[in-house]
Amino acid sequence: MGFEFKAIPTRYKGYLFRSRLELRWAVFMSAMGIAWEYETQGFIKGGVTYLPDFYLPEFGDGLLVE
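Predicted model only: the values in this text are computed from it and were never measured.

(A) Highlighting the packing of aromatic side chains. Inspection of the entire model under this criterion finds 11 aromatic pairs. Taking 6.0 Å as the distance between ring centres and 75° as the angle between the ring planes, the aromatic pair formed by Tyr15 and Tyr38 counts as edge-to-face. With Tyr15 in strand β2 (residues 15-17) and Tyr38 in strand β3 (residues 37-38), this pair connects stretches of sequence that are 23 residues apart. Overall, Tyr15 belongs to the partly exposed group, its relative accessible area being 28%. Overall, the relative accessible area of 6% leaves Tyr38 in the buried class. Three or more aromatic residues link up through ring pairs in this structure, and these residues are Tyr12, Tyr15, Phe17, Trp36, Tyr38 and Phe54.

Structure follows, in C-alpha cells:
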C-alpha cells in the first residue's frame, strides 16, 4: 500500500507556488531580506528541460536555487 502526496499550490506576493515548501522558502527569504524571483527562466540541455525554483539576483552574478 502506497501513499500519494500532492503538492498544494498557494499564492504569495503575486506568484502561484507549486507547493507549500516552495512558499515556505519564499517567505523565509523575504523575512531575511533576500531578493528572489520565482521560476524566472528555464533551460534545455541535451534535450532535458530544467526550471529552477528561485533566482537570487544579489548573489554574485545571480544564483539559481532548486
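(B) Structural detail: the sheet that holds strand β6 (residues 54-56). Spatially, β3-β6-β7 is the arrangement adopted by the three strands of the open sheet, whose pairing is antiparallel. The open sheet has two edge strands with one neighbour each: β3 and β7 (63-65). Examined bridge by bridge, β6 and β7 share three bridges and lie antiparallel to one another. Residue Leu56 lies in a different strand from β7, and its bridge partner there is Leu63. Sheet contacts for helix α1 (residues 20-31): β3 and β6; angle to β6, the most-contacted strand, approximately 15°.

(C) α1, seen in detail. In this model, α1 (12 residues) spans 16 Å end to end at C-alpha, consistent with the 16 Å of a helix rising 1.5 Å per residue. Among the residues of α1, those classed as buried are Glu22, Leu23, Ala26 and Met29. Axial view of α1: buried residues confined to an arc of 130°, hence all on one face. Of the exposed residues in α1, those oriented more than 90 degrees away from the buried face are Leu21, Arg24 and Ala31. In this structure, the buried side of α1 is in contact with β1 (10-12), β2, β3 and β6. Phi turns positive one or two residues past the end of α1, at Gly33, with a value near 75°.

Here is what the cut-offs are and how they apply
- Residues numbered from 1 in each chain as written.
- Predicted model: local features only at pLDDT ≥ 70, side-chain atom pairs only at ≥ 80, totals over all residues.
- Heavy atoms only, no water.
- Phe/Tyr/Trp six-rings, centres within 6.5 Å; stacked < 30°, edge-to-face > 60°.
- Helix = DSSP H or I, 4+ residues; strand = E, 2+ residues; numbered from the N terminus.
- Buried < 20%, exposed > 50% of the residue type's maximum accessible area, 1.4 Å probe, protein only.
- Pairing = 2+ DSSP bridges.
- Contact = heavy atoms within 4.5 Å.
- Axes fitted to C-alpha atoms, helices over the stretch in contact; angles between N-to-C directions.
- Expected span 1.5 Å × (residues − 1).
- Arc of directions from axis to C-beta.

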